[in-house]
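# Coordinates in review
If you want the building blocks of each chain, they are given just below.
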Amino acid sequence: MICLGIEGTAHTIGVGIVEDVDEKCKVLANVIKMYQPKEGGIHPREAANHHANFIANLVIDAIKKANIDKKEIDLIAFSKGPGLGPCLRTAATAARALSLTLDKPIVGVNHCVAHIEIGRGTTGCEDPVLLYVSGANTQTIAFAEGKYRVFGETLDIGIGNMLDKFGRIIGLEFPCGPKIEKLAEKGDKYIDLPYSIKGMDVAFSGLLTAAEKTVRDKKHRIEDICYSIQETAFAALAEITERAMAHTEKNEVLLGGGVTCNKRLREMVKTMAKERKARFYVPRNDLCVDNGAMIAWNGILMYKSGIKMNIKETTIDQRYRTDMVDVKWR
Ligand code: ATP
Ligand code: FE2
């Protein structure tokens, strides 16, 4: 079975084509275009316009890269939520149009669940705790009693947003995470910053404020501040992941979300996993960031488990929580 998936929850519009080969995910194509705000944060309507401009060509490009005929597509999937309304609507509209013209079934996918399933489908892990770290999202998620449940999450801002906000303060361009990573590699002096964990949850705004103050004080090198932000924030993430693993008694950890591209974060979570004698998995970079292939793969799992939607049911849901999904395919 071959599925074309469209992702459009926030600043990325993506089209992925995947094939189900013996229950494993074979990615045939995965193309994305990312909206870059000229200044400040993401403007939902501008991002949606961006997506509308690029979606048709992305579909054509993906079909070409997959080296298939469009008639070979068996299913259309799209990101139903959570995310920004105008972006979600643009992706869903494109998906409906494709489903109707190709006369193929369509399913709406939960974006967060798709991040887990692409990891399960491509890395060989079976029942992991997912540390999902992106711009807006910071969560530990695991499967329990028929659903993916959130065990820990940020109480204020997402880790990626925190890094992007800090980056903007020191004059970096969006997305700032990779640039902060580069600067941090040149830092070696740890500056004490607030480390906040409450139970299984984390919080980052105190860390951001303190880091901002450190910049204003001009007593430390920017490289050392970046290094210290990463060490502090990632240690907190590794700790809540370990707590979720201990609580759920799972011995696999999977990373997902754009911040997962960070090598230091990978190293810290990997070390934690090793100390617990647990297995560590991370999908390829293009499958960690927001992408269409993960939506397509989750679409296949849903469809094969008997989930069908008619066009009227293909609505979007800006607040589509992870634990609202009935995971019939497990
Ligand atoms: P979601 O809609 O799930 O919240 P998103 O729209 O934020 O996702 P992603 O592509 O998953 O999109 O993640 C983007 C975030 O990842 C940005 O905040 C960016 O700064 C951060 N990021 C990307 N690469 C790195 C890196 N190497 N180190 C740290 N952060 C990174
Ligand atoms: Fe995401």
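Scroll up to find the structure this text is about.
It should be emphasised that the depicted structure is a prediction, and the values quoted were computed from it without experimental measurement.

So, on to the sheet that holds strand 6 (residues 129-133). The strand order across the open sheet formed by five strands is 8-7-6-11-12, and the pairing between neighbours is mixed. Each edge of the sheet is formed by a strand with only one pairing partner; in this case those strands are strand 8 (147-153) and strand 12 (279-281). Averaged over neighbouring strand pairs, the angle between their axes works out to 25° when direction is ignored. Packed onto the sheet, helix 3 (residues 111-123) meets strand 6, strand 7 (138-144), strand 8, strand 11 (252-256) and strand 12 and runs at close to 125° relative to strand 6.

Glancing now at unusual backbone geometry. Put simply, Gly-81 and Pro-82 share a cis peptide bond, and its omega is -5°. With respect to the helices and strands, the residue Pro-82 is situated in the loop between strand 4 (75-81) and helix 2 (85-102). Residue Pro-175 follows Phe-174 across a cis peptide bond; omega there is -5°. Its place among the elements puts Pro-175 in the loop between helix 4 (159-169) and helix 5 (177-185). Residues other than glycine seldom take positive phi values, yet Glu-23 does so here, at roughly 70°. The class of Glu-23 is exposed, set by a relative accessible area of 59%.

Read from one edge of the open sheet, five strands run 3-2-1-4-5, paired in mixed fashion. The sheet is open, and its two borders are formed by strand 3 (24-34) and strand 5 (106-110), each paired with just one other strand. Adjacent strand axes in the sheet meet at a mean angle of 25° when their direction is disregarded. In the sheet, strand 1 (residues 2-7) pairs with strand 2 (residues 12-21) via six bridges, with the strands oriented antiparallel. In the strand pairing of strand 2, Gly-5 is matched with Gly-16. Across the sheet, helix 2 touches strand 1, strand 2, strand 4 and strand 5, and the angle it forms with strand 4 is around 160°. Of the strands in this sheet, strand 1, strand 2, strand 3, strand 4 and strand 5 are in contact with helix 10 (residues 292-304), which crosses strand 2 at around 45°.

Close contacts around ligand 1 come from 24 residues, with Tyr-132, Ser-134, Gly-135, Asp-164 and Glu-181 the closest. The contact in question runs from an oxygen atom of ligand 1 to an N or O atom on the backbone of Gly-258, over 2.9 Å. Interatomic distance of 3.0 Å between a side-chain N/O atom of Asp-290 and an oxygen atom of ligand 1. For ligand 1, the protein covers 93% of the area, taking 640 Å² as the surface of the free molecule. When contributions to the shell around ligand 1 are tallied by element, the ones reaching two or more residues are helix 4 and helix 5. Residue contributions to the shell around ligand 1 reach at least three from each of two domains, namely domain 1 (2-117 + 287-324) and domain 2 (127-284).

The next subject is the pattern of salt bridges. Applying the stated criterion across every chain yields a total of 16 salt bridges. When the shortest N-O distance is used, the salt bridge between Lys-213 and Asp-217 registers 3.2 Å. In this pair, Lys-213 and Asp-217 both sit in helix 6 (residues 205-217), four residues apart, roughly one turn of the helix. We classify Lys-213 as partly exposed; its relative accessible area is 44%.

The subject of this paragraph is the packing of helix 3 against helix 10. As a packed pair, helix 3 and helix 10 sit with axes 8 Å apart at the nearest point and diverge in direction by 85°. Classified by the interaxial angle, the pair formed by helix 3 and helix 10 is roughly perpendicular. The residues of helix 10 that touch helix 3, namely those facing His-111, Val-113, Ala-114, His-115, Glu-117, Ile-118 and Gly-121, are Ala-293, Met-294, Ile-295, Trp-297, Asn-298 and Leu-301. By residue class, the composition of the contact of helix 3 with helix 10 is eight nonpolar, four polar and one charged.

What follows concerns the coordination of the iron ion (ligand 2). Bound to the iron ion (ligand 2) are the protein donor atoms His-111 (NE2), His-115 (NE2), Tyr-132 (OH) and Asp-290 (OD), situated 2.1 to 2.5 Å from the metal. We note that the donor set of the iron ion (ligand 2) lies within a single chain, spaced as H-x3-H-x16-Y-x157-D. With His-111 in helix 3 and Asp-290 in the loop between helix 9 (285-288) and helix 10, this residue pair connects regions lying 179 residues apart in the sequence. For His-111, a relative accessible area of 2% gives the class buried.

What counts as what
Residues numbered from 1 in each chain as written. Chains lettered and ligands numbered in written order. Predicted model: local features only at pLDDT ≥ 70, side-chain atom pairs only at ≥ 80, totals over all residues. Heavy atoms only, no water. Pairing = 2+ DSSP bridges. Helix = DSSP H or I, 4+ residues; strand = E, 2+ residues; numbered from the N terminus. Axes fitted to C-alpha atoms, helices over the stretch in contact; angles between N-to-C directions. Contact = heavy atoms within 4.5 Å. Buried < 20%, exposed > 50% of the residue type's maximum accessible area, 1.4 Å probe, protein only. Near = heavy atom within 4 Å. Polar contact = N/O pair within 3.5 Å; in protein donor to acceptor, adjacent residues only side chain to side chain. Areas by Shrake-Rupley, 256 points an atom, 1.4 Å probe, with all protein chains shown as cover. Domains from an automatic or database assignment. Salt bridge = Lys/Arg side-chain N within 4 Å of Asp/Glu carboxyl O. Parallel < 35°, antiparallel > 145°, perpendicular 65-115°, else oblique. Nonpolar A, V, L, I, M, F, W, Y, C, P; charged D, E, K, R; others polar. Donors = N, O, S within 2.8 Å, 3.2 Å for Na, K, Ca; no water.

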